Every structure is written in structure tokens, then in C-alpha cells.
Amino acid sequence: MKNYKKIALVFIALLPFTGCSPENDIKIAESTDYTFFQEFLSNTVDGNDINIEGWTNYAQTGTVKWKQGIYSGSKYAEFTSYLSGQATNVAWLISPAINMDTRDHETLAFDVAQAYVSSAANSIELFISTDYNGTNVMSANWQPIPFSTPPLVYETRFQFFSSGLIDLSSYTGNIYIAFKCKGSGTNFSLDGTYEVDNIRIFDKK
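Parameters and conventions
- Residues numbered from 1 in each chain as written.
- Predicted model: local features only at pLDDT ≥ 70, side-chain atom pairs only at ≥ 80, totals over all residues.
- Heavy atoms only, no water.
- Core = buried A, V, L, I, M, F, W, Y, C linked by side-chain atoms within 4.5 Å.
- Buried < 20%, exposed > 50% of the residue type's maximum accessible area, 1.4 Å probe, protein only.
- Helix = DSSP H or I, 4+ residues; strand = E, 2+ residues; numbered from the N terminus.
- Contact = heavy atoms within 4.5 Å.
- Phe/Tyr/Trp six-rings, centres within 6.5 Å; stacked < 30°, edge-to-face > 60°.
- Lys NZ or Arg CZ within 6 Å of the ring centre and 35° of its normal.
- Salt bridge = Lys/Arg side-chain N within 4 Å of Asp/Glu carboxyl O.

K.L.:
A description of the nonpolar core should follow, citing residues and the corresponding values.
P.N.:
Trp66, Leu108, Phe110, Leu126, Leu168, Ile177 and Ile199 are the most contacted members of the largest nonpolar core, which has 33 residues in total. Of all the secondary structure elements, the ones that give two or more residues to this core are strand S5 (74-80), strand S6 (89-94), strand S8 (106-115), strand S9 (124-129), strand S13 (174-183) and strand S14 (193-203). Beyond its immediate sequence surroundings of up to four residues, Leu168 is in contact with Met100, Glu106, Leu108, Ile128, Ile175 and Ile201. Among the nonpolar cores identified, the runner-up in size contains ten residues, and Phe127, Tyr132, Trp142 and Tyr176 belong to it.

Below you can see the structure in the form of C-alpha cells.
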């Protein structure tokens, strides 16, 4: 039986991956096989809303949702308020249910990039829910989870960085992982881009 404990985040080096999306750079030392893995390869049209079975792509404020990004053959999930024409855009990208009862040392990691983000108000956040019903996003309880965000500097735009290793071993039953982004299509300081790829949960012993 698992011992309940606070979630711990172990940071690993914030080194950029080569290329726009690190499709080949997904292994982590000490990992075995994956409990969950998503690299957004099923969508084929750049700029289309993410539409993957089991995933929720929800616009909380405004109409902008998470988009399929494709660049030089690499694929990833992307959020941007650029040219939305709306003062506020808030969008969620939520995973299918992930069962946490098959292993004891579950660890989450993913790759994250930014472009032209200059303000903390133009944000990306990570949440986990144990009571999301797959439909009503706002009625669920969402726990914020810290992770290592990419540096907000022009020189590292579109470069993917590691989120760090996020300990999920205290969870049992089903969980849902959510990425929430905020931006603005009318405030040029808040219309930057975020990209997420290679979301994986694995057994780190």
C-alpha cells in the first residue's frame, strides 16, 4: 500500500533540447516502461484544435483552445492568444483518466517551451484532479502542481525544456492531468505562445 505524502518536485537541469520538439529525447534515467505517454502525433493539421480521444480541450474564457502544432515534422500541443481579438483567453488541456494503482513510484515529466512570453500573467499552469468527471471542468477540484517553467527570454523561444521530475506516488485511483494557459489577444504583452510535448508518467525507483 502506498504511503501518503506531500508531492515533491525534483528539478533536473534546465537544458534546451535541440529542434522545435524533442521527439527522440523522451527517455529519463531510471525509468522503466510508461504508465502514460502522450506526444500528440495523431492530429495531422497544424493549427487545428487538439482533438484526441479521451482528452478535454476546453476554453474557459474566450474561444481559443489548445491547437495542434507541427514544425519540421515535429508535433506538440500549443496555446497562444495571438490575434484572438479577445481581451482574455483561458484554456485547459486535460488528459484522460490515468490509473495510479499499478505502480508505487509514479513520476510525471513533460517538455515545455515558450515563445514571445514576457509576463508571468501570460502563464502556463499544471493541475491534477481526482474527481473530474470528464465533462464539467469547473466543478472539479484541481490541485496546482509546481514544475520548472521555461525561461522567459527571447533567445530561448520555441526551445523545449524539461518540466523536472514530479512525484505522483501519493496518488491512488484515477487522476487527470491538466495544463491551463492564460493570455490576451488585445494586450501585446500577454499574447505569447506555450508548447507542451512528451507527457509521460513512469516508475522511478
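K.L.:
Outline the packing of aromatic side chains, supporting the account with residue identities and numerical values.
P.N.:
We describe a pair of aromatic rings using the distance from one ring centre to the other and the angle between the two ring planes. Inspection of every chain in the model, using the stated rule, returns 14 aromatic pairs. When the centroid spacing of 5.1 Å and the interplanar angle of 20° are considered together, the rings of Tyr34 and Phe37 count as stacked. Their ring planes at 50° and their centres at 6.0 Å tell us that Trp66 and Phe79 sit as a pair that is tilted. Within this pair, whereas Trp66 is found in the loop between strand S3 (56-61) and strand S4 (67-71), its partner Phe79 is found in strand S5, the two being separated by 13 residues in sequence. Judged by relative accessible area, which is 0%, Phe79 ranks as buried. Taken together, Trp92, Phe127, Tyr132, Trp142 and Tyr176 form an aromatic cluster joined through their ring pairs. The cationic tip of Arg157 hangs over the ring face of Tyr154; the distance from NZ or CZ to the ring centre is 3.7 Å.

K.L.:
Explain the side chain of Thr156 residue by residue, including any values.
P.N.:
Within the secondary structure, Thr156 sits in the loop between strand S10 (143-144) and strand S11 (161-162). Ignoring anything within four residues of it in the chain, the contact list for Thr156 reads Gln114, Pro151 and Phe161.

K.L.:
Requested: an account of the pattern of salt bridges, with residues and values cited.
P.N.:
Tallied over the full model, the rule gives four salt bridges. With its nearest N and O atoms 2.5 Å apart, the salt bridge here joins Lys67 to Asp49. Pair noted here: Lys67 is in strand S4 and Asp49 is in the loop between strand S2 (34-38) and S3, with a separation of 18 residues, a long-range link. Among the residues examined, Lys67 registers a relative accessible area of 25% and is labelled partly exposed. Close ionic contact of Lys182 with Glu125 constitutes a salt bridge, the shortest N to O distance being 4.0 Å. Of this pair, Lys182 sits in strand S13 while Glu125 sits in strand S9, and the two are 57 residues apart along the sequence. The partly exposed category is assigned to Lys182, whose relative accessible area is 31%. For Glu125, a relative accessible area of 26% gives the class partly exposed.

All we've got here are geometric facts, nothing functional implied.
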